[in-house]
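Each chain, written out:
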Amino acid sequence: FRSNIFIIIFLIYPGVCNEAFSMFNCRSLDGGVSLLRTDYRVDCNSPEHELFKIVAQVLIALFAVGIPLYMIKLMLGRIGEYDASSDSDRFVARRVADELKIDDKQAMEAIRDVSTGREYSFLVNSYKPRYYYWEGVDMVRKLLLVGMLVIAGRGSAAQLFLAVLVSCLSLSLQLVLQPYKHREDNVFKVL
């Protein structure tokens, strides 16, 4: 049930975030008129829009920020469960390692991968077991990039600067950590 809920949330997350942030994207016109960019029928100075902004702030806090943080916490918890494994888990890992002729650490990661993949396969299948939380980190990156349109203003120099900064930081982090299972997904290739 939980994995199906995550799939649904994962699919609707970008649209909900865009709509919530769009409540703050107003355009000022002559005469002190300010209209919502996505719907010019909405006056940004009206009490109705103030209510929409409050709802959008709650949605951003609970959904846009809360979901990725919850996913990160959940996956870090899963990693912690396996770090504190019992003697029987180590025995199984040792047996698997002997059968497959791999080291104990690789066997333990394979067991963890299969166990976690059963519940959260769409979230973790691409990542090494110690980086299962990476999907949440990537969602935060996307949230920052979308949120910058509102904070810095669409097409502004500040937006460009912040977008380049977030992109370079996330690329650097990805190159250092190399969270993906397959080497070709971690390597930066220049064509």
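This is a predicted model, so every value here is computed, not measured.

Peer 1: In this structure, what is going on with the pairing of strand E3 (residues 39–43)? I would like to understand it.
Peer 2: The side chains of a regular strand alternate, residue by residue, between the two faces of the sheet. Where strand E2 (residues 34–36) meets E3, 2 bridges bridge the pair, whose relative direction is antiparallel. Considered in E3, the bridge of Leu 35 is made with Asp 43. Counting the residues in the hairpin turn of E2 and E3 gives 2 residues.

Peer 1: How should the packing of aromatic side chains be read in this particular structure?
Peer 2: Note on aromatic pairs: each is described by the distance of the centres and the angle between the planes. Tallied over the entire structure, the rule returns 3 aromatic pairs. Each ring, one from Tyr 127 and one from Tyr 180, has its centre 5.1 Å from the other, and the planes form 35°; the classification is tilted. Remark: Tyr 180 occurs in the loop between helix H6 (157–177) and helix H7 (183–186) and Tyr 127 occurs in the loop between helix H4 (104–124) and helix H5 (134–152); sequence separation between them is 53 residues. Both residues of the pair, Tyr 127 and Tyr 180, belong to the buried class. Seen from their ring centres, Tyr 131 and Tyr 133 are 6.1 Å apart, and the 65° between their planes marks the pair as edge-to-face.

Peer 1: Looking at this structure, I do not really get the pattern of salt bridges. What am I missing?
Peer 2: Between side chains of opposite charge, a pair can form as their charged atoms come close. Applying the stated criterion to the full structure yields 5 salt bridges. Where Arg 41 meets Asp 39, a salt bridge forms, and the shortest distance between an N and an O atom there is 3.0 Å. Residue class for Asp 39 comes out partly exposed when judged on its relative accessible area of 22%. One salt bridge connects Lys 53 with Glu 50, and the closest N-O pair in it is separated by 3.4 Å. Placement of both Lys 53 and Glu 50 in helix H2 (residues 47–83) is noted, with a separation of 3 residues, approximately one turn of the helix. Taking relative accessible area as the criterion, Glu 50 reaches 36% and is therefore assigned partly exposed. Linked by salt bridges that have partners in common, Asp 138, Arg 141 and Lys 142 make up one network.

Peer 1: Explain a nonpolar patch on the surface here, please?
Peer 2: On the surface, Phe 1, Ile 5, Ile 7, Ile 8, Phe 10, Leu 11 and Ile 12 cluster together to form a nonpolar patch covering roughly 700 Å² of accessible area. With respect to the helices, strands and loops of the structure, Ile 8 is situated in helix H1 (residues 2–22). Of the residues examined, Ile 8 reaches a relative accessible area of 49% and is grouped as partly exposed.

Rules behind the numbers
- Residues numbered from 1 in each chain as written.
- Predicted model: local features only at pLDDT ≥ 70, side-chain atom pairs only at ≥ 80, totals over all residues.
- Heavy atoms only, no water.
- Pairing = 2+ DSSP bridges.
- Helix = DSSP H or I, 4+ residues; strand = E, 2+ residues; numbered from the N terminus.
- Phe/Tyr/Trp six-rings, centres within 6.5 Å; stacked < 30°, edge-to-face > 60°.
- Buried < 20%, exposed > 50% of the residue type's maximum accessible area, 1.4 Å probe, protein only.
- Salt bridge = Lys/Arg side-chain N within 4 Å of Asp/Glu carboxyl O.
- Patch = residues over 30% accessible without salt bridge, like charges linked within 9 Å, V, L, I, M, F, W, Y side chains within 5 Å.
- Areas by Shrake-Rupley, 256 points an atom, 1.4 Å probe, with all protein chains shown as cover.

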